[in-house]
Amino acid sequence: MPRSPTPAASAAPVAPGYYERHIFFCLNERKGGEDSCALHGAQQGFDHCKASVKAAGLSGAGKVRVNKAGCLDRCAGGPVAVVYPEAVWYTFVDQADIDEIVESHLKNGQVVERLVLPADVGR
Ligand code: FES
């Protein structure tokens, strides 16, 4: 006999993808002196983004998730972060850049063109 869904399981999802937007920050650090995002302020950018998203009330189901990632294989542009579902790649320098990504893209869905990683930047 099939099990009937529980009330929670049958409730409508908060958003089709659970989060409206998801931003992943490469925090990779290579040993042996090889260049990597960790050497260019990746952790500080991640920490600031996480705090800013939370302070703006944007975090949680149906809203925004800020996640750590390993190497995203676009190290030459590091530090890098990518926002889904739009699949927009960013590079950033300081907290002001992160603030702009949070306010413009994560909150309002507007891409920050000046911070977009050029398409030909790879490893
Ligand atoms: S080390 Fe960050 S993308 Fe490779």
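The shown structure was predicted, so the numbers you read here are calculated from the model rather than taken from an experiment.

What counts as what
- Residues numbered from 1 in each chain as written.
- Predicted model: local features only at pLDDT ≥ 70, side-chain atom pairs only at ≥ 80, totals over all residues.
- Helix = DSSP H or I, 4+ residues; strand = E, 2+ residues; numbered from the N terminus.
- Buried ≥ 20, exposed ≤ 12 C-beta atoms within 10 Å, placed from the backbone.
- Expected span 1.5 Å × (residues − 1).
- Contact = placed C-beta atoms within 7 Å.
- Pairing = 2+ DSSP bridges.
- pLDDT = per-residue confidence, 0-100.
- Axes fitted to C-alpha atoms, helices over the stretch in contact; angles between N-to-C directions.
- Parallel < 35°, antiparallel > 145°, perpendicular 65-115°, else oblique.
- Left-handed = near helix turned anticlockwise from the far one by under 90°.
- Nonpolar A, V, L, I, M, F, W, Y, C, P; charged D, E, K, R; others polar.

Asker: Help me understand the overall build of the protein in this model?
Answerer: In terms of regular secondary structure, the protein is built from three helices and four strands. For the protein, the N- to C-terminal ordering of α and β elements is α-β-α-β-β-β-α. Relative to its 123 residues, the protein shows a buried fraction of 27%.

Asker: Before we go on, may I ask you to explain helix 2 (residues 42-55) in this structure?
Answerer: What sets the pattern is the α-helix's 3.6 residues per turn: residues three or four places apart point alike. Over its 14 residues, helix 2 extends 20 Å from the first C-alpha to the last, a length consistent with the 20 Å expected when each residue adds 1.5 Å. Taken together, the buried positions of helix 2 are A42, G45, F46, H48, C49, K50, S52 and V53. In this structure, the buried side of helix 2 is in contact with strand 1 (21-26), strand 2 (64-69) and helix 3 (95-107). Downstream of helix 2 by a residue or two, G57 has a phi angle that is positive, lying close to 75 degrees.

Asker: How do you make sense of the environment of R65 when you look at a structure like this?
Answerer: Among the secondary structure elements, R65 is positioned in strand 2. In the structure, R65 is positioned 43 residues away from H22 in sequence and 4.9 Å away in space, judged by C-alpha atoms. Beyond its immediate stretch of four places on either side in the chain, R65 contacts Y19 and H22.

Asker: In this structure, what is going on with the pairing of strand 4 (residues 88-91)? I would like to understand it.
Answerer: On any regular strand, side chains alternate: one points to one face of the sheet, the next to the other face. Where strand 3 (residues 80-84) and strand 4 come together, four bridges link them in antiparallel fashion. Residue V80 lies in a different strand from strand 4, and its bridge partner there is T91. Counting the residues between successive antiparallel strands, the hairpin from strand 3 to strand 4 contains three residues, one of them, A87, with a positive phi of roughly 55 degrees.

Asker: Explanation requested: the confidence of the model for the protein in the structure shown.
Answerer: Low-pLDDT portions of the prediction should not be read for the details of their coordinates. Residue-level pLDDT values for the protein average 90, and 88% of them are 70 or greater. In this model residues 1-12 is a low-confidence stretch, pLDDT under 50, and it forms one contact with partners more than four residues away in sequence or in other chains.

Asker: Mind showing me how you'd approach the sheet that holds strand 4 here?
Answerer: Strands belonging to one sheet form pairs held by backbone hydrogen bonds; the direction of such a pair is parallel or antiparallel. With mixed pairing, the four strands of this open sheet are ordered in space as 2-1-3-4. Single-partner strands in this sheet number two, and they are strand 2 and strand 4. The sheet shows a mean angle of 20 degrees between the axes of neighbouring strands, taken without regard to direction. Relative to strand 2, strand 1 runs parallel, the two being bridged by six bridges. Note on strand 2: the bridge partner recorded for F24 is N67.

Asker: Help me out: how do you make sense of the packing of helix 2 against helix 3 in this one?
Answerer: When two helices pack together, their arrangement is given by the angle between the helix axes and the distance between those axes. Interhelical geometry of helix 2 versus helix 3 gives an angle of 40 degrees and a closest axis separation of 9 Å. In terms of orientation, helix 2 lies oblique with respect to helix 3. You can see that helix 2 and helix 3 cross each other, and the crossing is right-handed. Residue-level inspection shows G45, H48, C49, S52 and V53 of helix 2 in contact with helix 3, the latter providing Q95, I98, D99, V102 and L106. Class assignment of the residues belonging to the contact of helix 2 with helix 3 gives a composition of five nonpolar, four polar and one charged.

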